[in-house]
Every structure is written in structure tokens, then in C-alpha cells.
Amino acid sequence: AAEVFLRQQRAAPNLRKLVYGTVVEEEEEEGEEDEEVGGLFRVSRPEKGKRRRADGLDCSRFEPDDSHDWEQEEMLASIRDCFVTGKWEGNTDA
Amino acid sequence: MASQGLTYDGCNFFRQRLILSTLSGKRVKIRHVRSKDDNPGLRDFEASFIRLLDKVTNGTRIEINQTGTVLFYQPGLLFGGTIEHECNVQRSVGYYLEALIMLAPFMKNPLRALLKGVTNDQKDPSVDLLKATAIPLMKKFGIDGDGLEIKITKRGMAPGGGGEVLFTCPVRRTIRPVQMTEPGKIKRIRGTAYSVRVSPQMANRIVDSARSILNQFIPDIYIYTDHMKGANSGKSPGFGLTLIAETLNGTFLSAEMVSNPQGQGETILPEDLGRKCAKILLEEVYRGGCVDSANQSLALLYMTLGQQDVSKTLLGPLSPYTIEFLRHIRDFFQIMFKIEVKKPNEEEMKGGNKVLMTCVGAGYTNISKTLK
């Protein structure tokens, strides 16, 4: 049983780390110096990476995943049990 | 640093920061707001948002530098009461309403806000969607009673606006902890197809095409058609659809789609819009969970501010906005959630992986609420 548990631990990505851990790494990425040209002008790099995220659009909408093709029978079947018309578990009853 | 409050860079997640700052009483400073942009500083809609916060609070101090790239915000007391706000048309009323919904239960006086502007646009959750999903969610946290309502008196489409929405919300001393781990099966699908300043037939065409897809799953579908005329129809033409799937346990999953604003982008046929919207709803069902993806952060906020007890909620995949919200909750309230992945059984066909969020509430009490 311990082995199964360990395997499960490895398989499941640690979401807690993903959410709370990555902040530190992102902060480290900063410190990008502007290049100087001719000692007078600074090249303003096009906004990228962290910058773009920092000035991104403040919006709570979660864009749907385009990879799912809802024309396909398999995709339709994959959510069939979410509806009352689908299969019911043994211990529950309509 | 502690006396200075928290400092952030960039204008993203602007609302989250100001909302959490207002609730926690911590000062916040936002630097480098579009500092490398051709048009630097705060936009009109953000300024409008700050004005709205100023209206619902007492004693808020706001300092903005000349170019608008640095904002210092010292929150005051949440006062509430009756307010009227002209929302900037760059963002829809949903942008402002989302924030008010988060703040409203913690005010001194029950909030009665009349918001004017764009009711439906492509960026933000529309007022229809919030009305159908956020209100039932609030009820689960013990925020209910006569006063809780979102009413659309006038509809206004982008870019002209001209809509009007009335939001009323009672105040609560504490928020109830919740245990939402079983979403339940979907028993019916409801929706609203609306059209303004176009042929009322558009709404019927949307309904037919959306039904053609959803009827494969469930027969109990009813989509209202809402055609507003004259002064109630705002300044710009447009049409759209909001779909809501309701489960046996009272979970509401939603999807919506709006036509492109007049003069921007290609015109979309109402049939295509209906079909696309139905597919977005299927995607939302695939994600699943007890809270709709647009309201994840609202649920997590109420969980954080609940009594000192364990709250559990099953969510679909976390949206990027929610992930950032979790980080901000940690910054402002020092609360971290326990996040567990729940894989569905092989033989069950219930969509993708779910996430179980668990936390102990901060024991936040609304001290400004008057006792009666």
C-alpha cells in the first residue's frame, strides 16, 4: 500500500507547489538590464515574459481550452454522466 | 516594509489587489503601471474603478503620480449605502460588479448600487452570468435574504453602453464555512438569449441552434428570449446568449457569448453564436466542480474570510486568474489552501480532473456592521 501511495504522490503534480512555489522563481527572473546605445539612449526592450503578465488584461474569465473538439463523439461521451440522464452510482437513486 | 504595506508591479490583477487591501486594511502600492507602454499609466476604466471604491468606503486615501504609473492606496472603512456609478465603457459593468460582490457583505450598511454602462461585452463576465451564478453561490455562504438581487433594468451593449443594473446586497457579520464536495448531476439547462437594436428574430435563431447541441444530453432545456426595446436597449446593437446548467445539489455552471461590437471584427451569425456557446457550456461541464470557473475566486475569498472552521470546495481546473488570487490571499491574509487533485474514476464519465480546495477561515468578522 505504501508503494501505491508513493507512486500516486509522484504522478500527481504538486499543485500547491505550482501555486505558491513559483512566485519565488519569477522574482528571480527580474533584473534584466537595459542595453545602452552610444552611452546616451537606452533600448527599451519590447515587453515580454513577466512584464507582459504584469501589465496584462485584468479579467477573471477562463478561456476555454481549444484542444477539445466538441464535435467528436468521444468528447460528448466523456461528460455523459454529469447529467441526470447518465449512469447513476449504485448507492444513489433518482 | 511592513509599515509601507505591500508593493506590486504592473496593472494586472488590479482589482484583486485593491479588494484584498480594502478587506484586510493593508496599504498597497502599485508601481510600473504600463510604464513601458506608449500610453503609460492607469486607464480610464481603472480610474473609474478607483472612484467606485472611493464611493463605497469612508476615509480612503488614494495617491496617483502625475503620469499615473504609481498608485498608492490606503483603504478606509467599507461604508456601503446607496450609490450610483457611471462605469467606464471600456469595460463592462461585470468588471465593477465582480468587485462589489466581493466587498458587499462586509459593509457597514447594506449596499444598493446603481451601475450604468455596458452590461454585456466580450471581456468580462456579463451581468446575466453573475446574476445566475454568483447569487446562488453567495446564498451557500449564508448571504441571503430579501435584499440580495441583481436586476438589469436597461441593457447596453459595447461600445456605446447605456445599460443600467441595480445590485442590492445585505450585510453579514460572519460568513458561514461551506462543504461543497459533491457537485451533483445536471438536472436542467436554462439560458437567456438577448437582442437589442436588432431583429427580435435573432434571439430565436440563437435558441434553436444552442438547443440542437444540448438536446443530446438532456431534454429539460429552456432558453428565454429577451428583447429590449426603446430606451431600455442602450446605445449599440448586439445580441448574445448566456447558458446555465443547474445540478441537483444547486451548483450552477455557466457559459456565454456575445456578438462582436458594432464596427469591430467580423459579424457572426446567430446560429454560429448559439452553437459555439453551447460548446463552451460543454467545456465548462467537462471542467466541472461545485463552482463555475468565473466565480472560483469569489468562492475562495468567502472561504478565506469565513469563521475559523474548515471549508472545502471542489473546483474544476484553476484559472490563471484564480491562481494569482490564491497568491494574493497568501500575501494579504497569510492563508494557504490545501490543494488536492481528484481524478475521476475510470468507468465514470464525468469530465476532467478536479481540484479539492481546503482551508481554515481567517475568522474575519465585520466589525462595522451595526447591531440591531
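To be clear, the structure that these remarks concern was listed above.
Please read these numbers as outputs of a predicted model, since none were measured by experiment.

**Description of the packing of aromatic side chains**
Residue and element names in this part refer to chain B. With the rule as written, the count across this model stands at 14 aromatic pairs over all chains. An aromatic cluster of at least three residues, connected via ring pairs, comprises Phe14, Phe45, Phe49, Tyr95 and Tyr96. The side chain of arginine 91 reaches across the aromatic face of phenylalanine 45, ending 5.3 Å from its centre. Directly above the ring of tyrosine 194 sits arginine 155, whose terminal nitrogen or CZ lies 4.3 Å from the centroid.

**Here's the deal with the interface of chain B and chain A**
How big an interface is tends to be stated in terms of the accessible area lost upon association of its parts. Taken residue by residue, the interface counts 63 residues in chain B and 44 residues in chain A. It is Lys36(B), Lys185(B) and Phe217(B) in chain B that bury the most area against chain A; as a group they hold 15% of the surface buried on that side. Across the contact surface, chain B and chain A share one salt bridge. Residue Lys279(B) pairs with Glu71(A) through a salt bridge whose shortest N-O separation is 2.4 Å. Our count for the chain B to chain A interface comes out at eight residue pairs in polar contact (both at pLDDT 80 or more). Broken down by secondary-structure element, the contributors of at least two residues to the side of chain B that touches chain A are α1 (14–24), α3 (93–103), β12 (186–196), α6 (270–287), α8 (320–333) and β17 (338–342) of chain B. Here the side of chain B that touches chain A is built from residues that sort into 30 nonpolar, 10 polar and 23 charged.

**A closer look at the sheet that holds strand β2 (residues 28–31) of chain B**
Residues and elements named next belong to chain B. Taken in spatial order, the four strands line up as β1-β2-β5-β4 in an open sheet, and their pairing is mixed. Unpaired on one side and paired on the other, β1 (6–9) and β4 (61–64) mark the two borders of the sheet. Strand-to-strand, the axes of this sheet are offset by a mean angle of 15°, without reference to chain direction. As paired strands, β1 and β2 are joined by four bridges and run parallel to one another. Of the residues in β2, the one forming a bridge with threonine 7 is lysine 29. Strands in contact with α8 are β1 and β2; relative to β1, the strand with the most contacts, it is inclined by about 155°.

Calculation notes
Residues numbered from 1 in each chain as written. Chains lettered and ligands numbered in written order. Predicted model: local features only at pLDDT ≥ 70, side-chain atom pairs only at ≥ 80, totals over all residues. Heavy atoms only, no water. Phe/Tyr/Trp six-rings, centres within 6.5 Å; stacked < 30°, edge-to-face > 60°. Lys NZ or Arg CZ within 6 Å of the ring centre and 35° of its normal. Contact = heavy atoms within 4.5 Å. Buried area = accessible area lost by both parts, 1.4 Å probe. Salt bridge = Lys/Arg side-chain N within 4 Å of Asp/Glu carboxyl O. Polar contact = N/O pair within 3.5 Å; in protein donor to acceptor, adjacent residues only side chain to side chain. Helix = DSSP H or I, 4+ residues; strand = E, 2+ residues; numbered from the N terminus. Nonpolar A, V, L, I, M, F, W, Y, C, P; charged D, E, K, R; others polar. Pairing = 2+ DSSP bridges. Axes fitted to C-alpha atoms, helices over the stretch in contact; angles between N-to-C directions.

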